[in-house]
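Understanding the architecture of this molecule
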Amino acid sequence: MQIVDTSRTTKETDISLRLNIDGTGKNNIETPVNFFSHMLREFSWHGKFDIDLSAKSLDLDSHHLVEDVAIVLGQAFREALGDKIGINRYGSMFIPMDDALCHCVLDISGRAYCVCSFNLKDERTSDFETVLLVHFFNTFAQNAGITLHIRQLEGFDTHHIIEAAFKAFARALKTACSINKAYQNELPSTKGAL
């Protein structure tokens, strides 16, 4: 595994990222969407991923900002995983947060696919448009090359549901990225490729 330094600049956003997937959860995350920054900090801490992220919106459109952060973060995870020798490959986690319960299952498969099932009653929580939740996860999965399923099992508080989803995602991804000592010299695939 390696530390990845990357950036993405378009007419819409200016993003720089430093990612260490073998970290301790240290982070310095700045985006103009406070709730999104909060969720990314939760993702960093619960996954024990060190993340330094500066994301600026040049067109003041949070849709483009969330999408481009997901692109950069997903691509960085793909690069950091390298040849994927010895990783667990699969991860699964249930996370409760008061009324909310979310489940995340993922496969570092090389095949990008995302299924999200949420019942969010609010269009916004704080300064975050809730429609962007699924967009973030789908864009991450596409760029990381993972199969990702996240579902809400319980909950009515939009903030709690989204936070439980990010925490479940972080913990499942950490499990999948981690080295399995019993198979540390093997690629976790009968095909010989991920």
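Residues numbered from 1 in each chain as written. Predicted model: local features only at pLDDT ≥ 70, side-chain atom pairs only at ≥ 80, totals over all residues. Heavy atoms only, no water.

**Focus on the packing of aromatic side chains**
Selection criterion: Pairing of aromatic rings covers Phe, Tyr and the six-membered ring of Trp, with a centre-to-centre limit of 6.5 Å; geometry is then stacked below 30 degrees between planes, edge-to-face above 60, and tilted otherwise. Only DSSP runs of H or I with at least four residues qualify as helices, and only runs of E with at least two residues qualify as strands; both kinds are numbered from the N terminus onward. Each residue is assigned to one of three classes by its accessible area relative to the maximum for its type, calculated with a 1.4 Å probe on protein chains only: buried under 20%, partly exposed between the two thresholds, exposed over 50%. By definition, being over a ring means that NZ of Lys or CZ of Arg is both within 6 Å of the ring centre and within 35 degrees of the ring normal.
Inspection of the entire model under this criterion finds 14 aromatic pairs. With centroids separated by 5.6 Å and ring planes inclined at 40°, the aromatic side chains of phenylalanine 35 and phenylalanine 128 adopt a geometry described as tilted. Linking phenylalanine 35 in helix 1 (residues 34–47) with phenylalanine 128 in strand 9 (residues 128–129), this pair joins segments that are 93 residues apart in sequence. With relative accessibility at 3%, the residue phenylalanine 35 sits in the buried group. Look at phenylalanine 128 and you get buried, because its relative accessible area is 2%. Seen in terms of ring centroids, phenylalanine 36 and phenylalanine 136 are 5.7 Å apart; in terms of plane orientation they differ by 75°. Their pairing is edge-to-face. A residue pair is termed long-range when its members are at least 10 positions apart, and phenylalanine 36 in helix 1 and phenylalanine 136 in helix 3 (residues 132–144) qualify at 100 residues. Here the two residues phenylalanine 36 and phenylalanine 136 agree in accessibility, since each one is buried. These aromatic residues form a ring-pair network of at least three members: Phe35, Phe36, Phe43, Phe49, Phe77, Phe128, Phe136, Phe137, Phe140, Phe166 and Phe169. Taking the ring centre of tryptophan 45 as reference, the NZ or CZ of lysine 48 above it sits at 3.5 Å.

**Some remarks on the sheet that holds strand 1 (residues 3–9)**
For the record, the criterion: Following DSSP output, two strands are said to pair if at least two bridges run between them. Interaxial angles span 0 to 180 degrees and are taken between N-to-C directions of axes, which are lines fitted to C-alpha atoms, for helices over the stretch in contact. Note on contacts: a residue pair qualifies if any of its non-hydrogen atoms lie within 4.5 Å across the two residues.
What the four strands build is an open sheet, ordered 1-2-4-3; its pairing is mixed. Looking at the sheet topology across the chains shown, the edges are occupied by strand 1 and strand 3 (27–30). Here the average twist between neighbouring strands, direction ignored, is 5°. The pairing of strand 3 with strand 4 (residues 50–57) spans four bridges and is classified as parallel. In the strand pairing of strand 4, asparagine 28 is matched with aspartate 52. Each of strand 3 and strand 4 is contacted by helix 1, which is oriented at about 160° to strand 3, the strand it contacts most. Contacting strand 1, strand 2 (13–20) and strand 4, helix 2 (residues 62–81) runs over the sheet at an angle of about 30° to strand 2.

**Notes on the pattern of salt bridges**
Just so we agree on the cut-off: We count a salt bridge whenever a side-chain nitrogen from Lys or Arg sits within 4 Å of a carboxyl oxygen from Asp or Glu.
Throughout the structure, instances matching the rule amount to seven salt bridges. Put simply, aspartate 5 and arginine 18 hold a salt bridge, and the shortest N to O gap is 2.7 Å. Of the two residues, aspartate 5 sits in strand 1 while arginine 18 sits in strand 2, which places them 13 residues apart along the sequence. The closest approach of N and O atoms between arginine 89 and aspartate 107, which form a salt bridge, is 2.6 Å. Of this pair, arginine 89 sits in the loop between helix 2 and strand 5 (90–97) while aspartate 107 sits in strand 6 (residues 100–107); the two residues are 18 residues apart in sequence, bridging distant segments of the chain. Of the two residues examined, arginine 89 and aspartate 107, each falls in the buried class.

**Quick look at the environment of alanine 172**
Of note, alanine 172 is situated in helix 4 (residues 158–177). Of the residues examined, alanine 172 reaches a relative accessible area of 0% and is grouped as buried. In the structure, alanine 172 is positioned 154 residues away from arginine 18 in sequence and 21 Å away in space, judged by C-alpha atoms.

**Some words on the packing of helix 3 against helix 4**
Here is the rule we go by: Our angle categories are set so that under 35 degrees counts as roughly parallel, over 145 as roughly antiparallel, 65 to 115 as roughly perpendicular, and the remainder as oblique. We call a crossing left-handed when the near helix sits turned anticlockwise from the far one by less than a right angle, and right-handed when that turn is clockwise. In this classification, Asp, Glu, Lys and Arg are treated as charged, Ala, Val, Leu, Ile, Met, Phe, Trp, Tyr, Cys and Pro as nonpolar, and every other residue, Gly included, as polar.
Two elements in contact, helix 3 and helix 4, have axes whose closest approach is 11 Å; the angle formed by their N-to-C orientations is 15°. It follows that helix 3 is roughly parallel to helix 4 by the angle criterion. Note that helix 3 runs across helix 4; the crossing there is right-handed. In contact with Leu133, Phe136, Phe137 and Phe140 of helix 3, helix 4 contributes Ile162, Ala165, Phe166, Phe169 and Leu173. Class assignment of the residues belonging to the contact of helix 3 with helix 4 gives a composition of nine nonpolar, no polar and no charged.

What is shown is where atoms sit, not what they do.
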